[in-house]
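# An overview of the molecular structure
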Amino acid sequence: RQMCIRDRFIDMLVDQSALLKYVDVYRTNYRSGERAMIDLTDPVTQAATENPTTEETGKPTVTTATYTCNKIKSAFFLTWEDLNWTIERGNFEDTVVRLWNKRMSMDMEMLGLHGDADKYAAPATAYEKLVDIDDGWISWLLDNPGETHVVDVHSGGDPVSIETSIGQKAYNALPDKYKAATANLRWIVAPRIVSDYRYYLASRNTDLGDAMIAGSPTITPVGISILEVPLMPFNLGTGSNETVLLLTDPRNLMFVIHRELRLAREVKVLEDRVWFAGFGYVDFVVLNPDAVVIVKGLKANDAI
């Protein structure tokens, strides 16, 4: 029963997220380990001779991604009055658990996108303590430019507004072998950047611009769908209005969570409180950095 509760809690945590439900969620029994991946990156077809041989025409490539989970804690309490004098009364505790799950879902997505264990020397606020747990996908990609594809669009050191050529540069930076129709590529970007891009298109004297003004059709730059993620960070760079854009298959981002997520409810009689607590282990891994393009140096415009 406890295992079913944990699995359901994790399922709900993932399903309520704008991004986690699209990434590779890896439930593991180990706090650290490797995830093996197999691919055929080179041609495996040759001309056949009249005298067949056992010689290979190609070979699968096996790579591994390592993970090391960090321990997380989530805890809060409610008083007897909180539980019994609210408008929901007997249903209030169920409501609290649902809210807890939803908030943890946001926390895990935020940690994956904002996480940077080196950003705050002495984390003080709730946000700083959250993102200090672990490096997330974006932090890792920015810190390892030699392993992925970084497109820097800063102008004179300042972030710039989104426009068409930025998507073209990002697409061209992605190796051709990852551009197949079956690649499931997505632009992973904040809704504010999508809004800016719509305004940019609408302001142009073109058929597409007119279409934007008339009905705001779906945008698919270079034929690739957009995945809008509201929790994308805007506190990158040196200011408070800079973000990034990712071009990849979302399943290339792995969210690792230990199966032994522990959830507990404890009544403290002398404190007249009921504690809710959860402990677990998580990590965030980019499975194939070569299949990712990260555009840095984007800003969101103020209200227009």
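All of these numbers come straight from a predicted model, not from anything done at the bench. (Residues numbered from 1 in each chain as written. Predicted model: local features only at pLDDT ≥ 70, side-chain atom pairs only at ≥ 80, totals over all residues. Heavy atoms only, no water.)

## So, the pairing of strand β9 (residues 253-258)
Looking down a regular strand, the side chains alternate between one sheet face and the other. Convention followed: Partly exposed describes any residue whose relative accessible area lies between the buried limit of under 20% and the exposed limit of over 50%, with all areas from a 1.4 Å probe on protein chains only and scaled to the type maximum. Helix and strand assignments come from DSSP, with helices taken as H or I runs of at least 4 residues and strands as E runs of at least 2, each series counted from the N terminus. Only strands joined by at least two bridges in the DSSP assignment are considered to pair.
Across the six residues of β9, six count as buried, placing the element largely inside the fold. Both faces of β9 are covered, namely the face carrying Leu 253, Phe 255 and Ile 257 and the face carrying Met 254, Val 256 and His 258. Direction of pairing for strand β1 (residues 24-28) relative to β9: parallel, over a ladder of five bridges. Directly across from Tyr 26, in β9, lies its bridge partner Val 256. Where β9 lies against strand β11 (residues 273-286), five bridges are found, and the strand directions are antiparallel. Within the sheet, the bridge partner assigned to Met 254 lies in β11 and is Val 285.

## Some thoughts on the environment of Leu 227
For clarity, the cut-off: Note on contacts: a residue pair is in contact if any heavy atoms of the two residues lie within 4.5 Å.
Along the chain, Leu 227 turns up in strand β7 (residues 226-228). Look at Leu 227 and you get buried, because its relative accessible area is 11%. Separated by 95 residues in the primary sequence, Leu 227 and Asp 132 place their C-alpha atoms 26 Å from one another. Not counting residues within four places of it along the chain, the set of residues in contact with Leu 227 comprises Ala 18, Leu 19, Tyr 22, Arg 186, Trp 187, Ile 188, Val 189 and Pro 250.

## Some words on the sheet that holds strand β5 (residues 149-152)
To keep things clear, this is the line we draw: Comment: axis = line fitted to C-alpha atoms, over the contacting stretch for helices; angle = value between 0 and 180 degrees taken between N-to-C directions.
Pairing in this open sheet of five strands is mixed, and the strands run β5-β12-β8-β6-β7 from one edge to the other. Two strands close off the open sheet at either side, each with one partner strand: β5 and β7. The average angle at which neighbouring strand axes cross in this sheet is 20 degrees, direction not considered. Pairing geometry for strand β6 (residues 186-189) and strand β8 (residues 243-248), over three bridges, is antiparallel. When the bridges of β8 are listed, Trp 187 appears paired with Leu 247.

## Comments concerning the nonpolar core
The nonpolar side chains of soluble globular proteins are, as a tendency, buried together. Convention followed: Only buried Ala, Val, Leu, Ile, Met, Phe, Trp, Tyr and Cys residues count toward a nonpolar core, and they belong to the same one when joined by side-chain atoms within 4.5 Å.
In terms of nonpolar packing, the biggest core is built from 69 residues, with Trp 137, Phe 255 and Val 295 touching the most fellow members. The leading source of residues in this core is helix α3 (residues 92-114), at eight residues. Once you skip the residues sitting within four places of it in the chain, Val 295 turns out to touch Val 151, Val 153, Ile 166, Ala 170, Thr 243, Val 244 and Leu 245. Ranked by size, the runner-up nonpolar core spans eight residues in total, among them Tyr 67, Cys 69, Tyr 281 and Val 285.

## Examining the packing of aromatic side chains
Definition in use: Pairing of aromatic rings covers Phe, Tyr and Trp, the last counted by its six-membered ring, and requires centre-to-centre distances within 6.5 Å; plane angles under 30 degrees mean stacked, over 60 mean edge-to-face, and any other angle means tilted. Any Lys NZ or Arg CZ found within 6 Å of a ring centre and within 35 degrees of that ring's normal is scored as a charge over the ring.
Tallying each qualifying case throughout the model produces nine aromatic pairs. Ring centres of Phe 9 and Trp 100 lie 5.6 Å apart, and the angle between their planes is 65 degrees; on these two criteria the pair is classed as edge-to-face. Remark: Trp 100 occurs in helix α3 and Phe 9 occurs in helix α1 (residues 2-15); sequence separation between them is 91 residues. Trp 100 matches Phe 9 in its accessibility class, with the two residues each being buried. Aromatic side chains Phe 76 and Phe 276 sit 5.3 Å apart centroid to centroid with 15 degrees between the ring planes, which places their arrangement in the stacked category. In this pair, Phe 76 is assigned in strand β4 (residues 70-79) and Phe 276 in strand β11, connecting sequence segments 200 residues apart. A connected cluster of aromatic rings, assembled from ring pairs, spans Phe 9, Phe 76, Trp 100 and Phe 276. The side chain of Arg 35 reaches across the aromatic face of Tyr 26, ending 4.2 Å from its centre. Positioned over the ring face of Phe 77 is Arg 273, at 3.9 Å from the centre of the ring.

## Some thoughts on the confidence of the model for the protein
To keep things clear, this is the line we draw: The score called pLDDT rates the predictor's confidence residue by residue, from a low of 0 to a high of 100.
Looking at the protein as a whole, the pLDDT averages 88, with 91% of positions reaching at least 70. Of all the helices and strands in the protein, helix α8 (residues 207-215) carries the lowest mean pLDDT, 59, while β5 carries the highest, 98.

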